[in-house]
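# Geometric and topological summary
Each chain is listed here by its residues.
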Amino acid sequence: MQMIMLGPPGAGKGSQASNLSETLGIPHISTGDIFRANIKNETSLGLQVKANIDAGNLVPDELTVQIVEDRLKNADCQNGFILDGFPRTLYQAEMLEKILDRHQKKMDVVVNLVCPDEVIIQRLSGRRMCSCGRSYHLTSNPPRVPGKCDADGLDLYIREDDKASTVRSRIETYHNQTEPLVHFYSKEGVLRDIDGTLSIPETTERILKMIGIET
Ligand code: AP5
Ligand code: MG
């Protein structure tokens, strides 16, 4: 199963992709997580992308497409994958179609997590992250031990781009550059809207049901 999680920042793409990856046994590929790991390790890619991410702008298309293309060559993607935060521009979506064609694959479903701007702001202001990619929320999804990841016990941190001014520019970037993908995938017949304002487990259940898996 090849799946895309589409939606504005804070809609729950990462939280859902992580749950679905566990249930479906296919990798969760987040371009945002890949960039953040590179920034943390101060790689040359990390240095290249940091300014864009900190400002709430997109990383250049060519760079992003190359990273995804390389990642999809890994053996763990043979039986499918969940893309989270990619594609984010029409150019990226068109390039992804070409990459899938070369692998004789197609996109099965694009989950569009629908979430209004007010909910997004509330979610991102309370988010706490682990470097493993899991995200928590101070009130709606707290870790079992405050400040520590449930999975690996590492210290949680606040994402650099979750400050209010950057969140505003990320939301704007989403509406200008990523929202047109809703129309693109709707025309392709693979778009499925899912209410992103329900609880995390309820949303996961709805997505699984939509792809024919009863829990
Ligand atoms: P990325 O990391 O993809 O960030 P984003 O799209 O802004 O999305 P988020 O990760 O902030 O939100 P999410 O939808 O994953 O929500 P989450 O599950 O964490 O990208 C970061 C940056 O990298 C971009 O700005 C760009 O610069 C660059 N980049 C990445 N990909 C790129 C690309 N393809 N092209 C160019 N540049 C790219 O949930 C959020 C919070 O809400 C958490 O606290 C969570 O616990 C809580 N929550 C989630 N769901 C619910 C729920 N249902 N109910 C209550 N709380 C919930
Ligand atoms: Mg995310």
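Note: the structure precedes this text.
The following refers to the structure shown. Owing to the predicted nature of the structure, the values given are computational and were not obtained by experimental measurement.

Here we take up the overall build of the protein. Assigned secondary structure in the protein consists of 9 helices and 7 strands. The C-alpha atoms of the protein give 16 Å as radius of gyration, which agrees with the globular expectation for 215 residues (17 Å, within 12%). Overall, the C-alpha framework of the protein stretches about 45 × 45 × 35 Å when taken along its three principal axes. A burial count over the protein gives 46% of its 215 residues as buried. Taking as baseline every contact in the protein between residues at least 6 positions apart, the subset at least 24 positions apart corresponds to 70%. Accessible surface, the protein: about 11000 Å² in total, of which carbon and sulfur atoms supply 50%. Of the charged side chains in the protein, 25 are positive and 30 negative, and the gap between their average positions amounts to 2 Å.

A few words on the environment of I120. Relative to the assigned elements, I120 resides in helix α6 (residues 117-125). Each C-alpha atom of the pair I120 and E214 lies 28 Å from the other, and the pair is 94 residues apart in sequence. If sequence neighbours within four positions are ignored, I120 has contacts with P8, P9, C115 and I171.

This next bit is on the packing of helix α7 (residues 164-178) against helix α8 (residues 180-188). Describing two packed helices takes the angle between their axes plus the distance from one axis to the other. Between α7 and α8, whose axes approach to 5 Å, the crossing angle comes to 40°. For the pair α7 and α8, contact is made by Y174, H175, N176, Q177 and T178 and by P180, L181 and V182, respectively. Looking at the contact of α7 with α8 residue by residue, the class counts come to 4 nonpolar, 4 polar and no charged.

One pass over the full model with this rule turns up 1 aromatic pair. Both rings, one in F184 and one in Y185, keep their centres 4.9 Å apart while their planes meet at 90°; by these two values the pair is edge-to-face. According to the relative accessible area criterion, F184 is buried, its value standing at 10%. Judged by its relative accessible area of 2%, Y185 falls in the buried class.

To continue, consider the sheet that holds strand β3 (residues 81-84). Spatially, the 5 strands line up as an open sheet ordered β2-β3-β1-β4-β7, and their pairing is parallel. Of all strands in the sheet, those bounded by a partner on one side alone are β2 (28-30) and β7 (191-195). The sheet shows a mean angle of 25° between the axes of neighbouring strands, direction not considered. Sheet topology note: the β2/β3 ladder contains 3 bridges and is parallel. Bridge pairing in β3 places H28 opposite I82.

Inspection of the region around ligand 1 gives 36 residues, with S15, N57, R88, R170 and L198 positioned closest. G85 is positioned such that a nitrogen or oxygen atom in its backbone is 2.9 Å from a nitrogen atom of ligand 1. Contact between ligand 1 and Y136: an oxygen atom at 2.7 Å from a main-chain N or O atom of the residue. Burial of ligand 1 by the protein chains amounts to 96% of its free accessible area of 1000 Å². Breaking the shell around ligand 1 down by element, the ones donating at least two residues are α1 (13-24), α2 (31-40), α6 and β6 (135-137). Tallying contributions element by element places α2 first for the shell around ligand 1, with 4 residues. In terms of residue class, the shell around ligand 1 is made up of 12 nonpolar, 16 polar and 8 charged.

Rules of the game
- Residues numbered from 1 in each chain as written.
- Chains lettered and ligands numbered in written order.
- Predicted model: local features only at pLDDT ≥ 70, side-chain atom pairs only at ≥ 80, totals over all residues.
- Heavy atoms only, no water.
- Helix = DSSP H or I, 4+ residues; strand = E, 2+ residues; numbered from the N terminus.
- Rg over C-alpha atoms; globule rule 2.2 N^0.38 Å.
- Buried < 20%, exposed > 50% of the residue type's maximum accessible area, 1.4 Å probe, protein only.
- Contact = heavy atoms within 4.5 Å.
- Areas by Shrake-Rupley, 256 points an atom, 1.4 Å probe, with all protein chains shown as cover.
- Lys, Arg positive; Asp, Glu negative; His and termini not counted.
- Charge placed at Lys NZ, Arg CZ, Asp CG, Glu CD.
- Axes fitted to C-alpha atoms, helices over the stretch in contact; angles between N-to-C directions.
- Nonpolar A, V, L, I, M, F, W, Y, C, P; charged D, E, K, R; others polar.
- Phe/Tyr/Trp six-rings, centres within 6.5 Å; stacked < 30°, edge-to-face > 60°.
- Pairing = 2+ DSSP bridges.
- Near = heavy atom within 4 Å.
- Polar contact = N/O pair within 3.5 Å; in protein donor to acceptor, adjacent residues only side chain to side chain.

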